[in-house]
Amino acid sequence: MYAVLAGGVGAARFLRGLTAAVAPGEVVAVVNVGDDLTLHGLRICPDLDSITYWLGGVVHPEQQWGRADERHVVAGELRRFGHEGWFTLGDRDLATHLHRTARLREGAPLSAVTDEIRRAFGVEVRLLPVTDDRVETRIRTRDGRDLHFQEYWVRERAEPEVTEVVLAGGADAEPAPGVVEAILDADAVLIAPSNPVVSIDPILRIPGVREAVHQTAAPVVGVSPVIGGRVVRGMAHRLLPAVGAQVSAAGVAAHYGGLLDGWVVDTRDGDAVAEVAATGVRCLATDTLMDDVEIAAALARSCLSLAAEVSP
């Protein structure tokens, strides 16, 4: 069984490749929920939904998030009533949020609802929110604001200078059922090429999760989200310096501080191989730009091969 720490589009694309390399039923994704939010009374889980839509084959092909063949009639009507439109929900997407919110109000935990949703979309990969408790990634800015991550990322377009990133509620949260067990019992733990600060860190900050990654007998192999010295997608380059990390393949490896046995970088960052290896982490350079499922599958196989090499 393979446990993948996952968040966002980078993780979704990697998981699609991994499921082309191994049986989907052998994969468990532990997914970030720090960027979840409540809007219009609905509970929205962007990372869980993006991964579900990708693996379910219904993701919007150009956006790479949200639903394909989407319409925005409801969003237009909400604007009629004066609601802000900075976070737009599509009509098909709304059905997911309506179901999730109704089930949560009935008392079902997020992990159970997530399992219902992934099964409804025919997703064989087991998806586990890292916690059933509500946590929020908060962005503190130089101008004194304390923003929900989505406010910073979507509404503010990541323009304010960041001074601190905080996971509100994280210290009191508990791992969702199965999370720690998936990591401890895995044949390999893989860290997807997700945003290190707001996708992977919120997973590791849930008490017991980082400890499980340290304690597992499985090799831990990560994939750099940086290609050619630049972040491929999103605006992680605005956040990495705020947590004291360099925007480089080697810098992200160092940010994961002692968790890694292996690290995969893109061939364009081949100069990082020796730097990472000097820290005692086995490093491999290959094509990590997952433009199609074949490249993603080849990347996944490279990760598994590296995991086998570094396995005790």
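In case you missed it, the structure is sitting above this.
Definitions and limits used
- Residues numbered from 1 in each chain as written.
- Predicted model: local features only at pLDDT ≥ 70, side-chain atom pairs only at ≥ 80, totals over all residues.
- Heavy atoms only, no water.
- Phe/Tyr/Trp six-rings, centres within 6.5 Å; stacked < 30°, edge-to-face > 60°.
- Helix = DSSP H or I, 4+ residues; strand = E, 2+ residues; numbered from the N terminus.
- Buried < 20%, exposed > 50% of the residue type's maximum accessible area, 1.4 Å probe, protein only.
- Expected span 1.5 Å × (residues − 1).
- Contact = heavy atoms within 4.5 Å.
- Pairing = 2+ DSSP bridges.
- Axes fitted to C-alpha atoms, helices over the stretch in contact; angles between N-to-C directions.

## Some remarks on the packing of aromatic side chains
Then, number 1: This model, assessed by the stated rule, comprises 4 aromatic pairs.
Then, number 2: For the ring pair tyrosine 53 and phenylalanine 121, a centre distance of 5.5 Å and an interplane angle of 65 degrees mean the geometry is edge-to-face. Remark: phenylalanine 121 occurs in the loop between helix 5 (110-120) and strand 5 (126-129) and tyrosine 53 occurs in helix 2 (residues 46-55); sequence separation between them is 68 residues.
Then, number 3: A ring pair is formed by tryptophan 86 and phenylalanine 87, whose centres lie 5.7 Å apart and whose planes are at 80 degrees; its orientation type is edge-to-face.
Then, number 4: When its relative accessible area of 22% is taken as the criterion, tryptophan 86 is described as partly exposed.
Then, number 5: Relative accessible area serves as the criterion here: at 15%, phenylalanine 87 is assigned to the buried category.

## Some points on helix 1 (residues 8-21)
Since the α-helix turns once every 3.6 residues, residues separated by three or four places project in the same direction.
Then, number 1: Under the 1.5 Å per step criterion, the end-to-end length of helix 1 is 20 Å for 14 residues, consistent within 8% with the ideal 20 Å.
Then, number 2: Counting buried residues in helix 1 gives 10 out of 14 residues, a clear majority hidden from the surface.
Then, number 3: Residues of helix 1 that are buried include every one of Gly8, Val9, Gly10, Ala11, Ala12, Arg13, Phe14, Leu15, Gly17 and Leu18, and no others.
Then, number 4: Of the surrounding elements, those touching the buried residues of helix 1 are strand 1 (2-6), strand 2 (27-31), helix 2, strand 9 (188-191), strand 10 (220-223) and helix 13 (293-310).

## Observations concerning the sheet that holds strand 7 (residues 146-148)
Then, number 1: Taking strand neighbours across the sheet as the criterion, the 3 strands line up as 7-6-8 in an open arrangement whose pairing is antiparallel. The sheet terminates laterally at strand 7 and strand 8 (162-168), the two strands that pair on one side only. The average undirected angle you get between the axes of adjacent strands in this sheet is 30 degrees.
Then, number 2: Of the pairings in the sheet, the one linking strand 6 (residues 136-141) to strand 8 comprises 6 bridges and is antiparallel in character. Bridge pairing in strand 8 places threonine 137 opposite leucine 167.

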